[in-house]
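# Chains, contacts and geometry: an overview
The residues making up each chain are set out below.
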Amino acid sequence: MTAVGEPDRAAPGGTRPWPRGAARWYRRDPLGFVEHAARERGPVFRLPDDGSLCVADPAEALRVLHDEEGHYDDVSDFFHVRGGRLEPRETQVAIGRAARATLRAHLAAHRERLPAVVAELGKVSEWPSAGRAAAYRFLAEALLRPDSPPLLRELMEQVVRNDVLIRPSGRLASMVRRALWARVVRALTGEVLARRAGLRPGGRGDLLDAVLEAAPPDTSAAQLAQVYLLLFRTSVAPVGHVVAWALLKAATDGVDLAAVPAESAVRESLRLWPVAWLLGRPVLRAHQLGGVQLAPGDSVSVCAYLLHRDERHWPEATRFRPGRWDGPGPRGPYLPFGGGPFTCAGAAVARSLASELLAAVIDSARLEVRGGRGQPHVAGIITPPPFQLHRTPFAR
């Protein structure tokens, strides 16, 4: 008989307990840990902090994400906010579509402003915060219309300026940023109530209007404020980070970004550093996955980070090779914004904006990256280590 926690040799996905300290290692360096775990235990293994089954096998991963057998919870955790999850699924879909339409229309109408946005960064800029600032500066009027209260607009600028878009590290930083986040939630809740009461009618529709129009009228103002903030975060931070990773990895791997399509560089950046690097799904029905028996209440996490670095499907998987997207070469599963019915609603807009922002950074300038040799910071999304970009426009 197999001891509890010992691997069942007939089941390739069976796992044994992790040694003491594994959970601490995973919290400190989740990317390094999952790479080690995949090498040591194969493409299906349990995570040490909560026992979630981590899946990096392509076939099993797609089985989870598309879930044709109904084994997993079919409601996205993206809409899980304080006070409960915003449901039903139809409301989530409607909000996602409205948000995507608002941002896509803004990009189409104002893309010619991107060079000016890049110029405002100056000759020397600090990344990845500069990328987030540029994305916000370009999207500002779509995120919050100009006739919104000045205090609210200032608070949203502080959210970007103080890096509250990513989860802070350090106790003091966490306390300060959480306090700012709480102030923003209160201010946005007041704005939701004001717009519902018709105190600020008309004007060009923004992301908050999109949320209000798509949600049922009896949805609590506080919930809508939090959903808006989640959309705000995912509209700004991923774009800035994707561009930052492209700049950093191109410099590290000796790639001339001026010689490759910006869209290919962005796609390659998203392959190496997917926005949704770990996709969790609660188990609803008992079944087997990768040789492991799962029960209701268990959790499965598909690891896009590992899937995108599988040498069997991605030659030279750890290298930044934008050229791999120019032809029909071998490629594995590509899930930078999630997969199946829960792919991020704004994925196409984010990729388009990141491509155009990167193209504006590259255009007619000599680029030099300094720094960026630290480890990534994983807090929801994978944040690049800090670096400086020296950008010198060519003489005209």
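Preceding this paragraph is the structure being described.
No experiment lies behind these values; they were computed from the predicted model shown.

### Observations concerning the sheet that holds strand S1 (residues 44–46)
With mixed pairing, four strands are arranged side by side in an open sheet as S1-S2-S9-S6. Bordering the open sheet on either side are S1 and strand S6 (278–282), each of which pairs with just one other strand. Within the sheet, the average angular offset between the axes of one strand and its neighbour, ignoring direction, is 25 degrees. Direction of pairing for S6 relative to strand S9 (residues 299–303): antiparallel, over a ladder of five bridges. Looking at S9, one finds that glycine 280 is bridged to serine 301. Helix-sheet contacts for helix H2 (residues 30–41) involve S1 and S9, and the interaxial angle to S1 is about 120 degrees.

### Considerations on the environment of glutamate 60
Looking at the element boundaries, glutamate 60 is found in helix H3 (residues 58–66). The class of glutamate 60 is buried, set by a relative accessible area of 17%. Along the backbone, glutamate 60 and valine 44 are 16 residues apart, and their C-alpha atoms lie at a distance of 8.9 Å. With sequence-adjacent residues up to four places away left out, glutamate 60 is seen in contact with Val55, Leu289 and Gly290.

### Observations regarding the sheet that holds strand S13 (residues 387–393)
The strand order across the open sheet built from three strands is S5-S13-S10, with neighbouring strands paired in antiparallel fashion. Both outer strands of the open sheet, strand S5 (124–127) and strand S10 (365–371), are each paired with one neighbouring strand and no more. Taken pair by pair, the neighbouring strands of this sheet meet at an average axis angle of 25 degrees, ignoring direction. As judged from the seven bridges shared by S10 and S13, these two strands associate in the antiparallel manner. Paired with alanine 365 across the bridge in S13 is proline 393. This element, helix H13 (residues 347–362), spans S10 and S13 of the sheet and lies at about 105 degrees to S10.

### Regarding the packing of aromatic side chains
Taken as a whole and judged by the stated rule, the model has twelve aromatic pairs. A centroid spacing of 5.1 Å and a plane angle of 85 degrees characterise the contact between tryptophan 25 and phenylalanine 33, whose relative ring orientation is edge-to-face. Here the aromatic rings of tryptophan 127 and phenylalanine 387 are separated by 6.3 Å at their centres, their planes lie at 15 degrees, and the arrangement is stacked. Taken together, the positions of tryptophan 127 in strand S5 and phenylalanine 387 in strand S13 put the pair 260 residues apart, joining distant regions of the chain. Here phenylalanine 387 falls in the buried class, since its relative accessible area comes to 2%. Taken together through their ring pairs, the aromatic side chains of Trp18, Trp25, Tyr26 and Phe33 make up a single cluster. One residue, arginine 41, lies across the ring of tryptophan 18, its end atom 3.5 Å from the ring centre. The ring of tryptophan 273 has arginine 309 sitting right over it, with the charged end atom 4.6 Å from the ring centre.

### Some points on the pattern of salt bridges
The full count for this structure, using the stated rule, is 17 salt bridges. Here aspartate 209 ties to arginine 195 by a salt bridge, and the two come within 2.9 Å at their closest N and O atoms. A residue pair is termed long-range when its members are at least 10 positions apart, and aspartate 209 in helix H9 (residues 207–214) and arginine 195 in helix H8 (residues 171–196) qualify at 14 residues. Taken as a pair, aspartate 209 and arginine 195 share a single burial class, namely buried. Glutamate 368 serves as the salt-bridge partner of arginine 370, at 3.1 Å between the closest nitrogen and oxygen.

### Quick notes on helix H7 (residues 150–161)
Between its first and last C-alpha atoms H7 spans 16 Å; for twelve residues at 1.5 Å apiece the expected length is 16 Å, and the two agree. Looking only at H7, the buried set comprises Leu152, Leu155, Met156, Gln158, Val159 and Val160. Following H7 by one or two positions, aspartate 163 has its phi on the positive side, about 60 degrees.

### Remarks on helix H11 (residues 262–272)
Along H11, nine of the eleven residues are buried, which leaves the element largely enclosed by surrounding structure. All of the buried residues in H11 are Ala262, Ser264, Ala265, Val266, Glu268, Ser269, Leu270, Arg271 and Leu272. Tucked into the core, H11 has its buried residues touching helix H10 (221–253), helix H12 (304–307) and H13.

Rules behind the numbers
Residues numbered from 1 in each chain as written. Predicted model: local features only at pLDDT ≥ 70, side-chain atom pairs only at ≥ 80, totals over all residues. Heavy atoms only, no water. Pairing = 2+ DSSP bridges. Helix = DSSP H or I, 4+ residues; strand = E, 2+ residues; numbered from the N terminus. Axes fitted to C-alpha atoms, helices over the stretch in contact; angles between N-to-C directions. Contact = heavy atoms within 4.5 Å. Buried < 20%, exposed > 50% of the residue type's maximum accessible area, 1.4 Å probe, protein only. Phe/Tyr/Trp six-rings, centres within 6.5 Å; stacked < 30°, edge-to-face > 60°. Lys NZ or Arg CZ within 6 Å of the ring centre and 35° of its normal. Salt bridge = Lys/Arg side-chain N within 4 Å of Asp/Glu carboxyl O. Expected span 1.5 Å × (residues − 1).

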